[in-house]
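# A structural walkthrough
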Amino acid sequence: MSTLAVAAQPERIDSPTRRSLRRLMRHRTAMLGLAIVVLFVMIAVLAPLVAPYDPTRTSWTAIRRAPSALHWFGTDENGRDVLSRVIWGARASLLAGVVSVGIAMAAGVPIGMLAGFRGGWIDALISRFTDAMLACPFLILAIALAAFLGPALENAMIAIGISATPIFIRLARGATMAAKVEDYVEAARAIGNPRWRVAVRHILPNIVPPLLVQATLTIATAIIAEASLSFLGLGQQPPAPSWGSMLNTAQRFMEQAPWMAIFPGLSIVLVVLGFNLLGDGLRDAFDPRSR
Amino acid sequence: MTPLLEVRDLAVSFATDEGMVRAVDGVSFSLAPGRRLAIVGESGCGKSVTALAIMRLLAPNARAEGSVRLEGEDVLAVPDSRMRQLRGGKIAMIFQEPMTSLNPAFTVGDQIVEAIREHSDASPSEARAQAIAWLARVRIPAPERRFDEYPHRLSGGMRQRVMIAMAMACRPSVLIADEPTTALDVTIQAQILDLMRELSEETGTAIVLITHDLGVVAELAHDVLVMYAGRVAEQASVQTLFRTPQHPYTVGLMGAVPRLDEEVARLATIEGAVPSPRAWPPGCRFAPRCPFVIERCRTEVPPLAEVGPGHVAACIQAPLDRFAAAA
């Protein structure tokens, strides 16, 4: 009888990941977030194709022109097309978001897992260090580090990455501590797995969901941080476009040319909203009970 | 015959804020190939700690003393690398909670293959074939399909079968089963016990069964070790122990098992609770709950004394036959 029931089921391997993805697909706001993120990623990747003008070409005959059919988002104080600069600026923003979170995870997850898995003085040392880093506000720390490293987009990414590392250390540590007392971890050791493999093969896959949620939300924070650093002149260097540096220039012309501020500002709001909606949706999809 | 597994004077202490606490004290037993020994006792009597000590899977704050010899090798002394070969290879373990003992992130097949590849040179395809054969052997229907399924799709009984397949896949000489059926339905319990008995008879794997359920003991074990408060209370063959228990604690345990063939208004219970390892009573640890207690019990530690052929009990009043009329 039970074989009949089994045979009647469709031939489909239902992994926990796939189940979560299915829940994510049904999550409307998450899908909206995903659509926004995908849209911006496409814009960033296809920037050379979709930008109507060269983002750095100045034109003395078209300075601070209001939006028109020729320049949809208007032009800036050097006569550059704002739409093209917003499009190319998406590259800097998304790159900064993804790369800095990549740095933070690459450093934070192994350190956090080590702390959670080994415990004892190793954990105490790492945790106190993490607490000390978390005591500094994220943005202040990023600004200080970026100022120390020197103004460049790469340095801004490193600075934001380092500032975001303690978040991942802490999360990975907590999740590892919760996972390591699971019976399947003991069972894995009982069949003779060495410690490192228990950590990498049995614990890591089970702590990916919270890390993925945190990564998505931290990308949003990192994009704001990059915009802030660029606004302060510590990120993307002129003439290369960045939403933050565009806002910085725009503030001097707020009354004469508000479009110079509105469009990069709107882009930041939209892409950050997109990542936040996606992150929240991922959290619901991975842990339906948490709602 | 030389014993397969020989445990001598095993003691396990835990470092706690209140100093060293000794949870297991002076446990000795030996196991011959193909034999099935049950370790019985209430929660907190040290039976699981004994099992983990043999596997060397105790928490880092625990210390095990005494000797555990597996085919002559001192398990407590071998280097970690050798211990990893022994675990799974010569001595395997299954756990109480089949629902949480399988990693939710991998298919059941992958988990069995991992165990096989850890201890043999099998190629991935050979390991896969072996794993499917084991799934069939533990009577999982449609094993080829089940191989690629994730644990959440299987019932508790199915998962315990997978755990057994995983543990047996490397043909260990000893299988430690820590409450293997406690979390399962009664009907499934019987199936799992039958399966374990068959596998042990077919492969010659000896079993150490940890349980608090005397019904399970009667179904599966040849010999029984009754533990109370970290010490051995009584040891005998199943028949002897059930027919003539010689420790008041064992007698109490039997009284607490419901029977159909006797009309009893109320099930007997053992008054009180197991004392805490932080404050073992001096003398016999069962004395505060014992119905036959005399003054000497509270001051003298009763030695394990032979009360019959292959039958030992740690009670200074044993044999208890003279109480039989009174009780």
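Reading the values: the criteria
Residues numbered from 1 in each chain as written. Chains lettered and ligands numbered in written order. Predicted model: local features only at pLDDT ≥ 70, side-chain atom pairs only at ≥ 80, totals over all residues. Helix = DSSP H or I, 4+ residues; strand = E, 2+ residues; numbered from the N terminus. Rg over C-alpha atoms; globule rule 2.2 N^0.38 Å. Buried ≥ 20, exposed ≤ 12 C-beta atoms within 10 Å, placed from the backbone. Contact = placed C-beta atoms within 7 Å. Pairing = 2+ DSSP bridges. Axes fitted to C-alpha atoms, helices over the stretch in contact; angles between N-to-C directions. Core = buried A, V, L, I, M, F, W, Y, C linked by C-beta atoms within 7 Å. Nonpolar A, V, L, I, M, F, W, Y, C, P; charged D, E, K, R; others polar. Left-handed = near helix turned anticlockwise from the far one by under 90°.

## Digging into the overall build of chain B
Looking only at helices and strands, chain B features 10 helices and 12 strands. Computed over C-alpha atoms, the radius of gyration of chain B comes to 21 Å, within 12% of the 20 Å expected from 2.2 N^0.38 for 327 residues, which places it in the range of a compact globule. C-alpha atoms of chain B, sized along the principal axes, occupy 65 × 50 × 40 Å. Buried positions account for 46% of the 327 residues belonging to chain B.

## Digging into the overall build of chain A
When helices and strands are counted, chain A shows 12 helices and zero strands. Scanning chain A from its N terminus toward the C terminus, one meets helices and strands in the order α-α-α-α-α-α-α-α-α-α-α-α. Scored against the burial criterion, the 291 residues of chain A give a buried share of 47%. If you take every contact in chain A between residues at least 6 apart in sequence, the share linking residues at least 24 apart comes to 71%.

## A look at the sheet that holds strand β6 (residues 91-94) of chain B
All names here are of chain B. Reading across from one edge, β6-β7-β8-β3-β9-β10-β12-β11 is the order of the eight strands in this open sheet, with mixed pairing throughout. A single partner strand is all that each edge strand has here, and the edge strands are β6 and β11 (305-308). Pairs of neighbouring strands in the sheet enclose a mean axial angle of 25°, with direction left out of account. Of the pairings in the sheet, the one linking β11 to strand β12 (residues 311-313) comprises three bridges and is antiparallel in character. Among the inter-strand pairings, Gly-308 is bridged to a residue of β12, identified as His-311.

## With respect to the nonpolar core
With 181 residues, the main nonpolar core has Ile-223 of chain A together with Ile-112, Ala-165, Ala-169, Val-174, Ile-176 and Val-208 of chain B as its most contacted residues. With 19 residues, helix α5 (residues 82-118) of chain A is the largest single contributor of residues to this core. In contact with Ile-112 of chain B, not counting residues within four places along its chain, are Ala-131, Trp-134, Ala-165, Met-166 and Ala-169 of chain B.

## Re the sheet that holds strand β4 (residues 62-70) of chain B
Residue and element names in this part refer to chain B. Strand order in the open sheet made by the four strands is β2-β1-β4-β5, with antiparallel pairing throughout. Looking at strand neighbours, the two that pair on one side only are β2 (19-31) and β5 (73-74), the edges of this open sheet. In this structure, strand β1 (residues 5-16) lies alongside β2, joined through nine bridges in antiparallel fashion. The residue bridging Leu-10 from the neighbouring strand is Val-27, located in β2.

## Some words on the pairing of strand β7 (residues 174-178) of chain B
Residues and elements named next belong to chain B. For β7, the buried fraction is high: five of the five residues fall into the buried class. The alternating pattern of β7 places Val-174, Ile-176 and Asp-178 on one face and Leu-175 and Ala-177 on the opposite face, and all of these are buried. By the bridge criterion, four bridges tie β6 to β7 in an arrangement that is parallel. When the sheet's bridge partners are listed, Ala-92 is paired in β7 with Leu-175. Here β7 runs beside strand β8 (residues 206-211); their pairing, made up of five bridges, is parallel. Within β8, the position partnered with Leu-175 by the bridge is Ile-207.

## Things to note about the interface of chain A and chain B
Taken residue by residue, the interface counts 22 residues in chain A and 29 residues in chain B. For the side of chain A that touches chain B, the secondary-structure elements that each account for two or more residues are α1 (2-8), α9 (183-190) and α10 (195-231) of chain A. Among the elements that line the side of chain A that touches chain B, the one with the most residues is α9 of chain A, at seven residues. A class-by-class count of the residues in the side of chain A that touches chain B yields 10 nonpolar, seven polar and five charged.

## Re α9 of chain A
The buried fraction of α9 of chain A amounts to six of the eight residues, a majority that puts the element mostly inside the structure. For α9 of chain A, the full list of buried residues reads Tyr-184, Val-185, Ala-187, Ala-188, Arg-189 and Ala-190 of chain A. On its buried face, α9 of chain A sits against α8 (153-180) and α10 of chain A together with α1 (47-55), α2 (80-89) and β6 of chain B. Among the residues trailing α9 of chain A, Gly-192 of chain A stands out with phi positive, at a value near 100°.

## Remarks on the packing of α5 of chain A against helix α12 (residues 259-286) of chain A
Residue and element names in this part refer to chain A. Across the interface, α5 lies against α12 with an axial gap of 10 Å and an inter-helix angle of 35°. Where α5 crosses over α12, the handedness of that crossing is right-handed. Only Trp-259, Met-260, Phe-263, Pro-264, Ser-267 and Val-271 of α12 make contact with α5, whose side of the interface consists of Val-82, Val-86, Gly-89, Ala-90 and Ser-93.

## Some thoughts on the environment of Asp-17 of chain B
Residue and element names in this part refer to chain B. Among the structural elements, Asp-17 can be located in the loop between β1 and β2. Looking at Asp-17, the number of C-beta atoms within 10 Å reads 5, which means it is exposed. For Asp-17 and Thr-2, which are 15 residues apart along the polypeptide, the C-alpha to C-alpha distance reads 41 Å.

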